[in-house]
Amino acid sequence: MNPEIAALMDGIGRAALEAASALALARTDVKNAALQSAARALRARAPQVLAANAKDMAAAEAAGLGGAMRDRLKLDAARIEAMAAGVEQIAALPDPIGTVAAEWVRPNGLRIQRVRVPLGVIGIIYESRPNVTCDAGALCLKSGNAAILRGGSESHHSSTAIHACLVEGLRAAGLPDGCIQLVPTTDRAAVGYMLAAMTECIDVIVPRGGKSLIARVQQEARVPVIGHLEGNCHVYVDRAADLSMARAIVKNAKLRRTGICGAAETLLVDEACVATHLAPIVRDLLDAGCEVRGDERVQAVDPRVRAATEDDWYTEYLDAVIAARVVNGVDAAVRHIEKYGSAHTESIVTEDAATAERFLARVDSAIVLHNASTQFADGGEFGMGAEIGISTDRFHARGPVGVEQLTSYKYVVRGSGQVRP
């Protein structure tokens, strides 16, 4: 290990521990003031953030990064405003820290409360999307956690400019800079040090990125991980689907933004409605510039459809590509999702309430929707202000990871002199 990286990260860890102690006791109004000041700073410093982003975009172009990656990286005035508004929404959320989730009194008079507390220090390792710097920092602050952010090298300039706005908010509220720290180096050794050598100061790691990052975190992490696996999301068009609704949902789910984890990657169509529904939906996608890779039934509706391979059913494209298959009803759709899906987000389009409930009950993914686009798989759309990611884990946190999901709890027991016999 490079001794300079080790010294840098150790310093960050010490500052985070001190900040976590202060944040755990910080009043709600102080945290909210920091967030509101950060939102104002984002708007005021928008030209500087855009200039920093332009540097990252130019480097991305020179490096030949794909369109989906560049879309995740790109900032504009609307996206900066969305970040600022998201921070304000987080400030407006109820503070989970100190809330009593449950309480009861035992026969011996002991009063027991389960009280929400921060996790402590959260390390977030992410790629491409500079808005994660803002979302993760704001969510950790509101939930009383110190954050150590390590963004991807491709978004380094953008993340640095956004982080400066968050620090401005901290200082305005009198909170330590160490509450939200951005690792200032693009050296990948810093990631390894966070995963394996900071167990005394990092309480949980949240990775957000591609397969290689997730695999590395799962292999090397020595602290608990809130997983964010790939988003191989499905839309199933049932025989009882309204055609105009199905067309709108499928097109939006795939093409609104192809580079996000909630983008649909596989289309499943009930064979009972192939004659009426399949061709219009497939042609909508093709005419909008989306490549469709289908089974024989799907290929038959348009010569532009390419043949799907077995690998296509497993693939998260994050691009204008979708796999499409005809299935024999809702149960076959569920079986396909169970075999090929990543337990992220799935949607059914149908006017049959019983079929919808069967799908919603049987599909074991973090998010299941009825008659809505998979692109709603987002903490902001769930009313959380923002998210650190969509957890596909089955314990601690699942689905959008927002303020409440970044807390744990402790038991507070009050007595009046009881001793155990």
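Up top you'll find the structure we're talking about.
Given the structure is predicted, the values throughout are model-derived calculations rather than measurements.

**A few points about the overall build of the protein chain**
Helix and strand content of the protein chain: 14 helices and 16 strands. A globule of 421 residues ought to have a C-alpha radius of gyration of about 22 Å, and the protein chain, at 23 Å, matches this closely. Dimensions of the protein chain along its principal axes, counting C-alpha atoms only, are 70 × 65 × 40 Å. A buried classification covers 54% of the 421 residues belonging to the protein chain. Contacts in the protein chain between residues at least 24 apart in sequence constitute 72% of all its contacts with a sequence separation of at least 6. Total accessible area computed for the protein chain in this model is approximately 17,700 Å², and 50% of it derives from carbon and sulfur atoms. With 45 positive and 50 negative side-chain charges, the protein chain shows a separation of 4 Å between the mean positions of the two kinds.

**Section: the pairing of strand β6 (residues 204-208)**
A large share of β6 lies buried, amounting to five of its five residues. Relative to β6, strand β3 (residues 121-126) runs parallel, the two being bridged by five bridges. Counterpart to Tyr126 in the pairing with β6 is Arg208.

**A look at the pattern of salt bridges**
One pass over the structure, following the stated rule, counts 26 salt bridges. Residues Glu220 and Arg216 are paired through a salt bridge, measuring 3.1 Å at the closest nitrogen-oxygen approach. With Glu220 and Arg216 both in helix α9 (residues 211-220), this residue pair falls four residues apart, about one helical turn. Close ionic contact of Glu291 with Arg293 constitutes a salt bridge, the shortest N to O distance being 2.5 Å.

**With respect to the environment of Tyr411**
One can find Tyr411 in strand β16 (residues 407-414). You can call Tyr411 partly exposed: its relative accessible area is 45%. A C-alpha to C-alpha distance of 30 Å links Tyr411 and Gly174, two positions 237 residues apart in sequence. Setting aside its immediate chain neighbours within four residues, Tyr411 contacts Trp104, Ile112, Gln113 and Arg114.

**Structural notes on the packing of helix α6 (residues 131-142) against helix α7 (residues 156-172)**
Contact geometry for α6 and α7: axes closest at 9 Å, N-to-C directions at 25 degrees. When the interaxial angle is binned, α6 and α7 end up roughly parallel. Relative to α7, the crossing made by α6 is right-handed. Between α6, through Thr133, Cys134, Gly137 and Leu141, and α7, the contact on the second element is made entirely by Ser159, Ile162, His163, Leu166 and Leu170. Along the lines of polarity and charge, the residues of the contact of α6 with α7 split into five nonpolar, four polar and no charged.

**Brief notes about the packing of aromatic side chains**
Summed over the entire model, instances satisfying the criterion amount to four aromatic pairs. Seen from their ring centres, Trp104 and Tyr411 are 6.4 Å apart, and the 75 degrees between their planes marks the pair as edge-to-face. Of this pair, Trp104 sits in strand β1 (residues 100-105) while Tyr411 sits in strand β16, and the two are 307 residues apart along the sequence. Residue Trp104 is classed as partly exposed on the basis of its relative accessible area of 33%. Ring geometry for Tyr236 versus Phe359: centroids 6.3 Å apart, planes at 15 degrees, classification stacked. On the criterion of sequence distance, the pair formed by Tyr236 in strand β7 (residues 233-237) and Phe359 in helix α14 (residues 353-362) is long-range, its members being 123 residues apart. On the basis of relative accessible area, Phe359 is assigned to the buried category, the value being 0%. Following the ring pairs from residue to residue traces out a cluster consisting of Trp104, Tyr409 and Tyr411. Above the face of the Tyr409 ring, Arg114 is positioned so that its terminal group lies 5.6 Å from the ring centre.

**Some points on helix α2 (residues 28-44)**
Between its terminal C-alpha atoms α2 stretches 24 Å, which fits the 24 Å expected from 17 residues at 1.5 Å a residue. On its buried face, α2 sits against α1 (3-24), α3 (46-63), α5 (77-92), α6 and α7.

**Points about the sheet that holds strand β12 (residues 345-349)**
What the seven strands build is an open sheet, ordered β10-β9-β11-β8-β7-β12-β13; its pairing is parallel. Strands at the two margins of the open sheet, each flanked by one partner only, are β10 (306-307) and β13 (367-370). Sheet topology note: the strand β9 (residues 291-294)/strand β11 (residues 321-327) ladder contains four bridges and is parallel. Looking at β11, one finds that Val292 is bridged to Ile322. With respect to the sheet, helix α10 (residues 243-255) is in contact with β7, β8 (264-270), β11 and β12, its orientation differing from that of β7 by roughly 170 degrees.

**Here we look at the side chain of Ser155**
Relative to the assigned elements, Ser155 resides in the loop between β4 (146-150) and α7. For Ser155, a relative accessible area of 0% translates into the label buried. Not counting residues up to four positions away in its chain, the partners in contact with Ser155 are Asp56, Leu73, Ser128 and Pro130.

Cut-off values and rules
- Residues numbered from 1 in each chain as written.
- Predicted model: local features only at pLDDT ≥ 70, side-chain atom pairs only at ≥ 80, totals over all residues.
- Heavy atoms only, no water.
- Helix = DSSP H or I, 4+ residues; strand = E, 2+ residues; numbered from the N terminus.
- Rg over C-alpha atoms; globule rule 2.2 N^0.38 Å.
- Buried < 20%, exposed > 50% of the residue type's maximum accessible area, 1.4 Å probe, protein only.
- Contact = heavy atoms within 4.5 Å.
- Areas by Shrake-Rupley, 256 points an atom, 1.4 Å probe, with all protein chains shown as cover.
- Lys, Arg positive; Asp, Glu negative; His and termini not counted.
- Charge placed at Lys NZ, Arg CZ, Asp CG, Glu CD.
- Pairing = 2+ DSSP bridges.
- Salt bridge = Lys/Arg side-chain N within 4 Å of Asp/Glu carboxyl O.
- Axes fitted to C-alpha atoms, helices over the stretch in contact; angles between N-to-C directions.
- Parallel < 35°, antiparallel > 145°, perpendicular 65-115°, else oblique.
- Left-handed = near helix turned anticlockwise from the far one by under 90°.
- Nonpolar A, V, L, I, M, F, W, Y, C, P; charged D, E, K, R; others polar.
- Phe/Tyr/Trp six-rings, centres within 6.5 Å; stacked < 30°, edge-to-face > 60°.
- Lys NZ or Arg CZ within 6 Å of the ring centre and 35° of its normal.
- Expected span 1.5 Å × (residues − 1).

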